[in-house]
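Architecture and fold: a report
Given next are the chains, with one letter for each unit.
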Amino acid sequence: MYLSMIPAIVAASAAYSTTLFDFAAWAMFIGWVAFFIRPPSLRNGIVSLTCVWIGIAFGMMAALVLEILAPIFGNVTLAVVVFMVAMTVVSLRAVPLLNVVPAYFLGMITFFAAHLPPTLANYGELAVTTGIGTIAACVAMGLQSRILRQ
């Protein structure tokens, strides 16, 4: 029972902390999910979170490029931009350290789902919020491991 209570309490605390900053709790869970994309460890969690943060930046860049290219490509703009971003992200699987492709997509999903303008302040908000989720997942896993070792 304690093993189930630990992540529930940590998740509730993390969700509450995001509301203190007036951030979206759902975005915190993106960071939580990112922590578990690879075998859970502090190192893997940091790598996955870094890829989420890069994905948020890719999403923001894509939004800016969509605005620029819309007058040129019209209805095809979304397909052109998605192709460019997808080629970039999928190509990153060859980068030895930052090859967590699902985390990049989680970052882009985070940006587009937030419906925020692509600003540095909004990037910071999403980065902090997803970071809270990854930290919370790491804490929950660490506490569960301690109990299992006792």
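Located above this text is the structure these notes cover.
Residues numbered from 1 in each chain as written. Predicted model: local features only at pLDDT ≥ 70, side-chain atom pairs only at ≥ 80, totals over all residues. Heavy atoms only, no water.

A few points about the overall build of the protein chain
The following threshold applies: Elements are defined by DSSP. Helices are runs of H or I of four residues or more, strands are runs of E of two residues or more, and each kind is numbered from the N terminus. Relative accessible area decides the class of each residue, using a 1.4 Å probe on protein chains only: under 20% of the type maximum gives buried, over 50% gives exposed, and in between gives partly exposed. We call two residues in contact whenever any of their non-hydrogen atoms come within 4.5 Å of each other. For the area figures, the Shrake-Rupley method with a 1.4 Å probe applies, and any residue is considered shielded solely by the protein chains shown.
If you tally the helices and strands in the protein chain, you get six helices and zero strands. Taken from the N to the C terminus, the helices and strands of the protein chain come in the order α-α-α-α-α-α. Once the C-alpha set of the protein chain is aligned to its principal axes, its extents read approximately 65 × 35 × 20 Å. Taken over 150 residues, the protein chain has a buried fraction of 39%. Considering only contacts within the protein chain whose residues lie at least 6 apart along the sequence, 69% involve residues at least 24 apart. For the protein chain, the exposed surface amounts to about 8400 Å²; the carbon and sulfur share of it is 75%.

Section: helix 5 (residues 101-114)
Our working definition: Helices are assigned an expected span. That span is 1.5 Å times one less than the residue count.
If you check helix 5, its first and last C-alpha atoms are 20 Å apart, about what 14 residues at 1.5 Å a residue would give, namely 20 Å. Those residues of helix 5 that are buried lie in contact with helix 2 (25-35), helix 3 (42-73), helix 4 (77-91) and helix 6 (120-149). Backbone geometry just after helix 5 places His115 at a positive phi near 55°.

Notes on the environment of Ala103
Counting through the fold element by element, Ala103 comes out in helix 5. Taking the C-alpha atoms as reference points, Ala103 and Gln144, separated by 41 residues in sequence, lie 24 Å from one another. Among all residues touching Ala103, those that are not within four sequence positions of it are Ile37, Ser48, Cys51 and Val52.

Some points on the layout of surface pockets
To keep it simple, the criterion reads: Cavities and pockets were defined on a 1 Å grid built over protein atoms only: a cavity is a set of grid points that admits a 1.4 Å probe from which the probe cannot escape, a pocket is an open set flanked by protein on both sides within 12 Å along at least five of seven lines, and lining residues are those with an atom within 4 Å of any such point. Grid points are joined across faces, edges and corners, and a volume is the space filled by probe spheres set on the points. When residues are sorted by character, Ala, Val, Leu, Ile, Met, Phe, Trp, Tyr, Cys and Pro go into the nonpolar class, Asp, Glu, Lys and Arg into the charged class, and all the rest, Gly among them, into the polar class.
Looking at the largest pocket, its volume works out to about 160 Å³. For the largest pocket, the full set of lining residues is Ala62, Leu66, Leu78, Val81, Val82, Val85, Ala86, Phe105, Met108, Ile109 and Phe112. When contributions to the lining of the largest pocket are tallied by element, the ones reaching two or more residues are helix 3, helix 4 and helix 5. The greatest single-element share of the lining of the largest pocket, amounting to five residues, is contributed by helix 4. Partitioned by chemical class, the residues of the lining of the largest pocket number eleven nonpolar, no polar and no charged.

A closer look at the packing of helix 1 (residues 2-20) against helix 2
To keep things clear, this is the line we draw: Angles shown run from 0 to 180 degrees and are taken between the N-to-C directions of axes, each axis being a line fitted to C-alpha atoms and, for helices, limited to the stretch in contact. Relative orientations are named as follows: roughly parallel for angles under 35 degrees, roughly antiparallel for angles over 145 degrees, roughly perpendicular for angles from 65 to 115 degrees, and oblique for any other angle. With the far helix as reference, a near helix turned anticlockwise by less than a right angle produces a left-handed crossing, and one turned clockwise produces a right-handed crossing.
Two numbers describe how helix 1 lies on helix 2: the axes approach to 8 Å, and their chain directions differ by 130°. By the angle between their axes, helix 1 is oblique relative to helix 2. Of the two possible hands of crossing, helix 1 and helix 2 adopt the one that is right-handed. Facing Pro7, Val10, Ala11, Ala14, Ala15 and Thr18 of helix 1, the residues of helix 2 in contact are Ala25, Met28, Phe29 and Trp32. Per-class residue counts for the contact of helix 1 with helix 2 are nine nonpolar, one polar and no charged.

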